[in-house]
Protein chains: 2
Amino acid sequence: MQSPDSQKDITIYDLAARLGLSIATISRALNGEASVSPRTKKRVFEMAASLGYRMNDSARMLRSGRSNTIGCIVPQLNTHRMSAIVSAMEETARQQAYCLLVMQSLGSKEIEAICANLLFNKRVDALMVVPSEKTAGNMQHFDPFLKRDIPVILIDSGEEKHPFVNISTDNHKAGYDMTRHLLVRGCRQIVHITSSGSLPVYAGLCAGYRQAMTESGIPVKDHHIIPCALTREDGIHTIRTIWQQRKKPDAIFAASDECAAGCISALKEKGICIPGEIAVAGFGNDPVSLMTEPPLTTIDYPGHHIGKAAVHQMMDRLQEKTSSRTVAAIVLRSGLIIRKSTLIC
Amino acid sequence: MQSPDSQKDITIYDLAARLGLSIATISRALNGEASVSPRTKKRVFEMAASLGYRMNDSARMLRSGRSNTIGCIVPQLNTHRMSAIVSAMEETARQQAYCLLVMQSLGSKEIEAICANLLFNKRVDALMVVPSEKTAGNMQHFDPFLKRDIPVILIDSGEEKHPFVNISTDNHKAGYDMTRHLLVRGCRQIVHITSSGSLPVYAGLCAGYRQAMTESGIPVKDHHIIPCALTREDGIHTIRTIWQQRKKPDAIFAASDECAAGCISALKEKGICIPGEIAVAGFGNDPVSLMTEPPLTTIDYPGHHIGKAAVHQMMDRLQEKTSSRTVAAIVLRSGLIIRKSTLIC
DNA sequence: ATGAAAGCGCTAACAA
DNA sequence: TTGTTAGCGCTTTCAT
């Protein structure tokens, strides 16, 4: 079972025996408790180092009930937005000696529930979730966390009724601002490509779009709001479909940069001038938004700040800081990034 | 300390008491052991469900010595290549009921060592590492894993001397093939933009480039190999620098798509025709490679397969499958993706 | 400032 | 097929 040269772990018992102390003192010294004399502490640390002692976290966890581990569930990891969030979470967590258990729900409510179960059993100290498309409103799989008073922090979940902390961006304002930006530049036939799912991010953008249009006295046409999966291919396909119709739009506002980039490709293929004949805007400030020709106007999604804020909020909760328990939501600002694709002269 | 409605956890003792069985039987039933009668199993599972029993993983971990957790250290999470690898790892791991503890070394050897320590103490069953630029050859911080016979799997670490399993792509061949591709299309002054760091991925590409050039009887000029950080900005800057010199290259082979995309931007800014006047190729098959104009020829980095292979190899090792212990390296193929940016007529 | 002792919830011999 | 029992390595009262 074990390879010949693998050795038994050094425990606090070994240290205690070698130093003629009790395991209690060793434990205290190792945890830096003030009640241990400096001399003893020094001896303990030196012996620990020389024997190569390693704390057994599972034992501590079992005893203390805390794991110094945060669970994290996202739909998928390999997108710009998600990896920005998770990257920031990990970095922030590590600085506080916390680890991040990352899982992907792959957009499935069932998998999300399985992940939540697994992470609950692993006794994570907190859970951060970017809900999948399918989760909407359905949060029972987090009940065990609630019951045990384990902080659950939701990212970009529009719901206010549930008892979790919600961290999100002001997507409504972003959608509104972007639409205003296009309107101010003279666009009137503004097509909004949104998600066919029900994620609050997209709902917010869309609501902002609607409000800006309505405020400007321009009726929102149903066929100007196009739901899809927001991929590059969807962008290409959408443009091709639209261009088969009589009336062409003078602006496209897509809820993802990839999709907007696809639009740009398809438009250029048709020889249509951007932004001369049509303005194009995206969402997310994805690296691709810098690569399009012309560069893409977009909305800066502050994924890094979101991840950081989530972990900070969680730490506050775990340390029961001032009224952290009363925080219901944190909303981060996401500004416009104006580039050439909408700079109509 | 606890909120009023938080309850004590249900343990196997509770189940045992309610059912008039011993904790051993409960444990066996819960673990699906064959020695427990179907009737008893059913009763146990029903009672567990009705009381909301949750296995305490830390207790099991402490007792069994296994954590069903894999540690993973990457330089950073928010790049296309890394998130592809980690995403695949997580998905593959979850299917085997394993969790992934993800940490970022941020390219620092010190942080990498800290992460390794933390993960060791957390008693991960295996460790997967994409070494940072600075780690090269210096692997002592993984010694504790070796000593305890915990599988360590390195990704894209060119080193063969250490005792870990190494999973990588055939970068030498990829670099060779790409250079051949350019040569066959008539290019002679081929500039290779590589990493200023010492990562084997880039060393492999560069070596392949050198070999192809030499084989074709074209001496490799030192100033044709340009080291940088491979960002978009580096690409732009490199082109601007090169274009101040007398002799212009007829091809650019950059070791990252972002960098190649930067090159394309800078070249178009100068009114240079791609691929007419100069061919451009990248590496990684990053989403941006589809967004450039013209689309970028690149090398497909099979991040997904790497992550999957890493976990599979690890599972084999943990289950001591056939000769899994004798595997020293797994090399995956990474083919060329030819697009318009090098299609010289 | 230090020690003794009681578990945390589970697994795995060994018994029956 | 089920039960008894002894820990896994640590934290944490309660004594001293």
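Residues numbered from 1 in each chain as written. Chains lettered and ligands numbered in written order. Predicted model: local features only at pLDDT ≥ 70, side-chain atom pairs only at ≥ 80, totals over all residues. Heavy atoms only, no water.

### With respect to helix α6 (residues 109-121) of chain B
Move 1: In a regular helix each residue adds 1.5 Å, so 13 residues correspond to 18 Å; α6(B) covers 18 Å between its end C-alpha atoms and thus fits that length.
Move 2: For α6(B), the elements touching its buried residues are α4 (57-64) and α5 (80-95) of chain A together with β1 (69-74), β2 (99-104), β3 (126-129) and α7 (143-147) of chain B.
Move 3: Near the N-terminus of α6(B), the side chain that reaches the backbone nitrogen of Glu110(B), with its oxygen 3.1 Å away, is that of Ser108(B).
Move 4: Among the residues trailing α6(B), Arg123(B) stands out with phi positive, at a value near 60°. (Helix = DSSP H or I, 4+ residues; strand = E, 2+ residues; numbered from the N terminus. Expected span 1.5 Å × (residues − 1). Contact = heavy atoms within 4.5 Å. Polar contact = N/O pair within 3.5 Å; in protein donor to acceptor, adjacent residues only side chain to side chain.)

### Some words on the pattern of salt bridges
All names here are of chain A.
Move 1: In total, this model carries 22 salt bridges over all chains according to the counting rule given.
Move 2: Notably, a salt bridge pairs Arg317 with Asp149, separated by 3.6 Å at the nearest N-O pair. Residue Arg317 is found in helix α13 (residues 303-318), and its partner Asp149 is found in the loop between α7 (143-147) and β4 (152-155); the two are separated by 168 residues along the sequence.
Move 3: Residue classification places Arg317 among the buried residues on the basis of a relative accessible area of 13%.
Move 4: The partner of Asp170 in a salt bridge is Arg333, and the shortest N-O contact between them spans 3.1 Å. Taken together, the residues Asp170 in the loop between β5 (165-169) and α8 (171-184) and Arg333 in the loop between β11 (329-332) and β12 (336-337) connect sequence positions 163 residues apart. (Salt bridge = Lys/Arg side-chain N within 4 Å of Asp/Glu carboxyl O. Buried < 20%, exposed > 50% of the residue type's maximum accessible area, 1.4 Å probe, protein only.)

### Here we look at the protein's contact with DNA strand C
Move 1: DNA strand C sits among 28 residues. The nearest are Arg28(A), Arg63(A), Ser27(B), Tyr53(B) and Arg63(B).
Move 2: Looking at DNA strand C alone, sugar and phosphate atoms form 56% of those within 4 Å of the protein.
Move 3: In the environment of DNA strand C, a phosphate oxygen lies 2.7 Å from a nitrogen or oxygen atom belonging to the side chain of Thr25(A).
Move 4: Between a phosphate oxygen of DNA strand C and a side-chain N or O atom of Tyr53(B), the distance comes to 2.4 Å.
Move 5: For the surface near DNA strand C, the secondary-structure elements that each account for two or more residues are α2 (23-30) and α4 of chain A together with α1 (12-19), α2 (23-30) and α4 (57-64) of chain B.
Move 6: No other element matches the four residues that α2(B) contributes to the surface near DNA strand C.
Move 7: Split by residue class, the surface near DNA strand C holds 12 nonpolar, 10 polar and six charged. (Near = heavy atom within 4 Å. Nonpolar A, V, L, I, M, F, W, Y, C, P; charged D, E, K, R; others polar.)

### Some details on the protein's contact with DNA strand D
Move 1: In the vicinity of DNA strand D, 28 residues are found, and the nearest of them are Ser27(A), Tyr53(A), Arg63(A), Arg28(B) and Arg63(B).
Move 2: Those atoms of DNA strand D that come within 4 Å of the protein belong to sugar or phosphate at a rate of 53%.
Move 3: One nitrogen or oxygen atom from the main chain of Ile12(A) is found 2.7 Å from a phosphate oxygen belonging to DNA strand D.
Move 4: In the model, a phosphate oxygen of DNA strand D is placed 3.4 Å from a nitrogen or oxygen of the Asn56(A) main chain.
Move 5: Elements represented by at least two residues in the surface near DNA strand D include exactly α1 (12-19), α2 and α4 of chain A together with α2 and α4 of chain B.
Move 6: Partitioned by chemical class, the residues of the surface near DNA strand D number 12 nonpolar, 10 polar and six charged.

### Considering the pairing of strand β6 (residues 190-195) of chain A
Residue and element names in this part refer to chain A.
Move 1: Of all six residues making up β6, six are buried, and the element is well covered by its neighbours.
Move 2: Bridge analysis of β6 against strand β8 (residues 251-254) gives four bridges, and the strand direction is parallel. Within the sheet, the bridge partner assigned to Ile190 lies in β8 and is Ala251.
Move 3: Across four bridges, β6 lies against strand β7 (residues 225-228) in parallel orientation. (Pairing = 2+ DSSP bridges.)

### Considering the relation of the copies chain A and chain B
Both copies of the chain are tied together by a single rotation about an axis and a shift running along it.
Move 1: Taken as rigid bodies, chain A and chain B are interconverted by a rotation of 180° and an axial shift of 0.1 Å, the fit giving an RMSD of 0.1 Å. Taken together, the turn and the small shift mark the pair as related by a two-fold rotation axis. For chain A, the smallest separation between a C-alpha atom and the rotation axis is recorded for Leu101(A), amounting to 2.3 Å.
Move 2: Interface residue correspondence from chain A to chain B reaches 98%, placing this contact among same-surface, isologous pairings. (Least-squares fit on C-alpha atoms with pLDDT ≥ 70 in both.)

### Section: the domain arrangement of chain A
All names here are of chain A.
Move 1: The domain architecture assigned to chain A consists of domain 1 (4-55), domain 2 (68-170 + 303-333) and domain 3 (171-301).
Move 2: Taking only C-alpha atoms into account, the centre of domain 2 sits 30 Å from that of domain 3.
Move 3: Counting residues at the interface gives 16 residues for domain 2, matched by 17 residues for domain 3.
Move 4: Interface area, domain 2 with domain 3, both sides summed: about 1,300 Å², of which 48% is carbon and sulfur.
Move 5: Seen at the junction of domain 2 and domain 3, the total is zero salt bridges.
Move 6: In this assembly, domain 2 and domain 3 are joined by 10 residue pairs in polar contact (both at pLDDT 80 or more).
Move 7: Where the side of domain 2 that touches domain 3 is concerned, the elements lending two or more residues are α5 and α13.
Move 8: Residue classes in the side of domain 2 that touches domain 3 are distributed as five nonpolar, six polar and five charged. (Domains from an automatic or database assignment. Buried area = accessible area lost by both parts, 1.4 Å probe.)

### What about the interface of chain A and chain B?
Move 1: Taken together, the contact pairs 57 residues of chain A with 56 residues of chain B.
Move 2: Between chain A and chain B, the buried area comes to about 5,300 Å², and carbon and sulfur atoms account for 55% of it.
Move 3: Among the residues chain A hides against chain B, the three largest losses belong to Arg54(A), Arg94(A) and Met291(A). Together they make up 14% of the total.
Move 4: For the pair chain A and chain B, the interface holds eight salt bridges.
Move 5: We note a salt bridge from Asp57(A) to Lys122(B), for which the minimum N-O separation is 3.5 Å.
Move 6: Elements represented by at least two residues in the side of chain A that touches chain B include exactly α4, α5, β2 (99-104), α6 (109-121), α7, α11 (257-269) and α12 (288-291) of chain A.
Move 7: Residue composition of the side of chain A that touches chain B, grouped by class: 24 nonpolar, 17 polar and 16 charged.
Move 8: Relative to β2(B), β2(A) runs antiparallel, the two being bridged by three bridges. Along β2(B), the bridge assignment pairs Val102(A) with Leu100(B).

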